[in-house]
Amino acid sequence: MSDARRVVVTGLGAISPLGVGVEATWKQAVSGVSGIGQIEQFDTSNVKVTIGGECRDFDPEAFMDRKDARRMDRFSQLFLGAVSEAMSQSGLDYTNDEEGAMRAGMVVGTGIGGIKSFEEQVLVMNERGPGRISPYAITSIIGNMAGGEASIAHNLRGPNTSVVTACAASANAIGDAAAIIARGDADVMVAGGCEAPLCEFSVGGFSQTRALTTSFNDNPEGASRPFDLDRSGFVMSEGAAVVVLEDLEHALLRDAPVFAELSGYGMSADAYHITLPRPGGYGAAMAMKRALDQAGVRPNELDYVNAHGTSTSANDATETAAIKYVLGEEAANEIAISSTKSMTGHMLGAAGAIEAIMSIKSILTDTAPPTINYETPDPECDLDYVPNVARSLPISTVMSNSFGFGGHNVSLVFRGYNA
């Protein structure tokens with residue numbers, strides 16, 4: 001991302017509806033397995049939507065002691081789990097390295113933070129009075145606390161910030177963290193996102209926006225169907241995903257594993273509507289173009305695009321138009337594009353990070369994961385979405401797109417590492 005400092009990925013961590021850990025998640029994704037099922041975290045009898053993507057195999061106490069887990073909202077618990085895997089994989093340990101710790105930081109992205117704790121504590125207040133609110137209520141709710149808890153757990157004493165740009169948040173977090181390294185303010189940054197939105201308040205609220213699908217309560221595995229003509233809204237999911245970013249020279253000096261290089265980061269705003277994308281996809285296209293330009297990548301050099309692909313009518317058609325606008329009709333028709341949200345559902349603030357990991361794994365394995373549930377082509381969505389079955393092909397350059405309510409657009413470009 002800079003002539004002076006190249007930024008590489010040296011650690012990956014994930015907790016998703018497809019499994020605990022990156023390898024479990026990736027194995028299910030390339031197998032075309034859906035992680036969507038009936039919601040078990042609360043009684044869904046009062047809401048229109050009864051399905052979601054739950055991390056059912058996640059045990060907080062596998063990553064932290066019970067006392068610490070009890071003071072945290074689930075979004076922070078999930079994040080610490082993902083950070084633990086990524087840090088272990090990177091080989092970094094700042095427990096007794098105060099000098100190194102000062103050059104290692106954190107950026108966390110989330111859409112709505114500790115919404116489950118917020119809902120619970122409002123009920124406590126209404127039923128039992130404000131004097132019975134938990135002393136941990138505020139620290140469990142605020143969105144930056146996942147990064148705060150993770151920095152304490154791993155002694156990361158460098159820059160520590162948080163990003164709240166809805167469903168683009170963790171992609172912004174990764175791009176911002178890379179920029180911090182590129183300008184020399186840190187050598188290592190842990191970056192990603194987390195979300196735990198499966199509660200009555202957020203499911204009910206999103207249902208009222210008509211963004212969630214209400215047509216597949218009896219067929220949860222078929223509910224998330226990006227680019228398919230019969231899509232009717234996204235499926236809400238929880239989870240966390242993290243990458244460890246590092247200055248290349250710093251990584252080489254310690255003989256670290258290098259999984260990919262983050263070479264491009266582009267941002268834009270639609271400045272159009274609080275939930276709908278700008279028609280024609282011009283805002284999204286600008287983010288893509290800026291990422292490609294920063295990476296020095298020509299459109300015909302891309303091998304794969306991990307699309308935002310939410311399974312909403314407006315997003316999928318608009319993103320398709322944006323890809324055509326940036327790449328040109330010929331290149332757009334030749335590139336493999338898929339939405340892994342067809343399997344994970346929409347992890348909101350964690351979506352960009354889990355899709356960045358999917359992009360990196362596609363480079364490492366020369367495999368494009370599929371878009372499952374693609375059954376009926378939509379004339380407005382007429383590109384190659386790798387329908388239903390993963391595809392083996394040479395992959396060295398990937399773009400990952402993330403867009404959020406409020407008109408936030410982010411694109412990241414990853415490349416296979418070449419010395």
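A brief look at the structure comes next.

Remarks on the overall build of the protein chain
A count of helical and extended segments in the protein chain gives 15 helices and 15 strands. Taking 2.2 N^0.38 as the reference for a compact globule, 419 residues should give roughly 22 Å; the C-alpha atoms of the protein chain span a radius of gyration of 20 Å, in line with that estimate. Expressed as lengths along the three principal axes of its C-alpha atoms, the size of the protein chain is roughly 65 × 55 × 40 Å. Counting over 419 residues, the protein chain shows a buried share of 61%. Here the contacts in the protein chain between residues at least 6 apart in sequence split such that 79% fall between residues at least 24 apart. Positive and negative charge centroids in the protein chain, built from 29 and 51 side chains respectively, lie 4 Å apart.

Quick notes on the nonpolar core
Ile174 and Leu245 are the most contacted members of the largest nonpolar core, which totals 44 residues. Taken together, the elements giving at least two residues each to this core come down to strand 1 (7–16), helix 8 (169–182), strand 7 (188–195), strand 8 (239–247), strand 9 (260–269), helix 15 (351–365) and strand 15 (408–415). Per-element accounting of this core gives the leading share, eight residues, to helix 8. The residues contacting Ile174, other than those within four sequence positions of it, are Ala191, Gly192, Val243, Leu245, Leu262, Ala353, Ala356 and Leu412.

Points about unusual backbone geometry
Residue Arg210 is not a glycine yet carries a positive backbone phi of 65 degrees. By relative accessible area, which is 75% here, Arg210 ends up exposed. At Asp255, a residue that is not glycine, the phi angle is positive and equals roughly 55 degrees. Its location among the elements puts Asp255 in the loop between helix 10 (248–253) and strand 9.

Considerations on the packing of helix 3 (residues 74–90) against helix 7 (residues 145–154)
At their nearest, the axes of helix 3 and helix 7 sit 9 Å apart, and the two run at 40 degrees to each other. By the angle between their axes, helix 3 is oblique relative to helix 7. Note on packing geometry: the crossing formed by helix 3 with helix 7 is right-handed. Seen from helix 3, the contacting residues are Phe75, Ser76, Phe79, Leu80, Val83, Ser84 and Met87; seen from helix 7, they are Met145, Ala146, Gly147, Glu149, Ala150, Ala153 and His154.

Reading the values: the criteria
- Residues numbered from 1 in each chain as written.
- Predicted model: local features only at pLDDT ≥ 70, side-chain atom pairs only at ≥ 80, totals over all residues.
- Heavy atoms only, no water.
- Helix = DSSP H or I, 4+ residues; strand = E, 2+ residues; numbered from the N terminus.
- Rg over C-alpha atoms; globule rule 2.2 N^0.38 Å.
- Buried < 20%, exposed > 50% of the residue type's maximum accessible area, 1.4 Å probe, protein only.
- Contact = heavy atoms within 4.5 Å.
- Lys, Arg positive; Asp, Glu negative; His and termini not counted.
- Charge placed at Lys NZ, Arg CZ, Asp CG, Glu CD.
- Core = buried A, V, L, I, M, F, W, Y, C linked by side-chain atoms within 4.5 Å.
- Axes fitted to C-alpha atoms, helices over the stretch in contact; angles between N-to-C directions.
- Parallel < 35°, antiparallel > 145°, perpendicular 65-115°, else oblique.
- Left-handed = near helix turned anticlockwise from the far one by under 90°.

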